[in-house]
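Geometric and topological summary
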Amino acid sequence: ETLVRHRKALAELALALSRKRAETGQDLAARVEAELSMLSMARTRFEVALSPNPAVEGTHPDLVWEGAAIGEAGIDRAAFMIAPNVGEELKPLSAIASGGELSRVVLALKAILAATDAVATLIFDEVDAGIGGGVAEIVGQKLAALACRPQVLCITHLPQIAKFADHHFAIAKSVREGR
């Protein structure tokens, strides 16, 4: 009887965490979409999709609730889904984003989470892919604002972004001894 009561309490806590994740995920998605619209990714759809942890063979039966495994991180897991082009279905960010899209999504996330993030250094490569002019200016401003907390290293070819840096380094490739 005590084990049944504890199992039910564990499931209630895991489900409460899942509900909170769903609420927070919706808020985060709306904020990411707003940030992306300013980063030359207007009309991009972004979603935080939750899926139950699968109860694989060997999962203790007391740690399974309605077919989902309850672990130290809860009963479900989150995945970032994106549709960067109008009319496309949402797909996992990790599977479809180009380098430039991924850099801008990370920039959007870091801009939103900057107040709570404990990361000491952020590195952005290809953040300028497929953008220019006014959008590059906005990206540069966002990077400069983000750099108030962590150190930001940004590889860019655009002066609209580079002008916001405190320091500049020129890096060039050369051939020596056939390499």
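Here, every reference points to the structure presented above.
Below you will find a few notes about this structure. For clarity, every value in this text was computed on a predicted model and none was experimentally measured.

The next point concerns the overall build of the chain. Helix and strand counts for the chain stand at five helices and seven strands. Against the globule reference of 16 Å for 179 residues, the chain gives a C-alpha radius of gyration of 21 Å, more extended than a compact globule. By principal-axis analysis of the C-alpha atoms, the chain measures approximately 70 × 45 × 35 Å. A total of 179 residues make up the chain; the buried ones form 29% of that total. Looking at the chain, you have 19 positive and 22 negative side-chain charges, and the mean spots of the two groups are 2 Å apart.

Moving on, we get to the side chain of Thr44. By the secondary structure assignment, Thr44 is in the loop between α1 (2-37) and β1 (45-52). Residue classification places Thr44 among the buried residues on the basis of a relative accessible area of 5%. Apart from residues lying up to four places away in sequence, Thr44 is in contact with Glu33, Leu36, Ile82, Ala83 and Pro84.

Taken in spatial order, the three strands make up an open sheet running β1-β4-β5, and their pairing is antiparallel. Looking at which strands have only one partner, the edges of the open sheet turn out to be β1 and β5 (91-92). Alignment of strand β4 (residues 76-83) against β5, held across two bridges, turns out to be antiparallel. Directly across from Met81, in β5, lies its bridge partner Pro92. This element, α1, spans β1 and β4 of the sheet and lies at about 165° to β1.

To continue, consider the pairing of strand β7 (residues 151-155). Bridge count between strand β6 (residues 121-125) and β7: five bridges; the pairing is parallel. Bridge pairing in β7 links Ile123 to Leu153. Considered for its hand, the β-α-β crossover made up of β6, helix α4 (residues 133-146) and β7 is right-handed.

Tracing the sequence through the fold places Asn53 in the loop between β1 and β2 (64-65). Judged by relative accessible area, which is 17%, Asn53 ranks as buried. When sequence neighbours within four positions are dropped, the list of residues in contact with Asn53 reads Gly67, Ala68, Ala69, Gly74, Ile75, Asp76 and Arg77.

Packing of α1 against helix α3 (residues 99-113) leaves a shortest axis separation of 9 Å and a crossing angle of 120°. As far as their axial angle goes, α3 and α1 are oblique. Crossing geometry of α1 relative to α3 is assigned as right-handed. Contacts between α1 and α3 involve Leu28, Arg31, Val32, Glu35 and Leu36 from the first element and Arg104, Val105, Ala108, Leu109, Ala111 and Ile112 from the second. The residue makeup of the contact of α1 with α3, split by class, is eight nonpolar, no polar and three charged.

What follows deals with the pattern of salt bridges. Enumeration according to the criterion identifies four salt bridges in this entry. Note that Asp76 is salt-bridged to Arg21, the shortest N-O span being 2.5 Å. Highlighted residues: Asp76 in strand β4 and Arg21 in helix α1, separated in sequence by 55 residues. Residue classification places Arg21 among the partly exposed positions, given a relative accessible area of 26%. Residues Glu35 and Lys142 are paired through a salt bridge, measuring 2.8 Å at the closest nitrogen-oxygen approach. Residue Glu35 is found in helix α1, and its partner Lys142 is found in helix α4; the two are separated by 107 residues along the sequence. The same class applies to Glu35 as to Lys142, namely buried.

How each quantity is defined
- Residues numbered from 1 in each chain as written.
- Predicted model: local features only at pLDDT ≥ 70, side-chain atom pairs only at ≥ 80, totals over all residues.
- Heavy atoms only, no water.
- Helix = DSSP H or I, 4+ residues; strand = E, 2+ residues; numbered from the N terminus.
- Rg over C-alpha atoms; globule rule 2.2 N^0.38 Å.
- Buried < 20%, exposed > 50% of the residue type's maximum accessible area, 1.4 Å probe, protein only.
- Lys, Arg positive; Asp, Glu negative; His and termini not counted.
- Charge placed at Lys NZ, Arg CZ, Asp CG, Glu CD.
- Contact = heavy atoms within 4.5 Å.
- Pairing = 2+ DSSP bridges.
- Axes fitted to C-alpha atoms, helices over the stretch in contact; angles between N-to-C directions.
- Right-handed = clockwise from strand over helix to strand, strands pointing away.
- Parallel < 35°, antiparallel > 145°, perpendicular 65-115°, else oblique.
- Left-handed = near helix turned anticlockwise from the far one by under 90°.
- Nonpolar A, V, L, I, M, F, W, Y, C, P; charged D, E, K, R; others polar.
- Salt bridge = Lys/Arg side-chain N within 4 Å of Asp/Glu carboxyl O.

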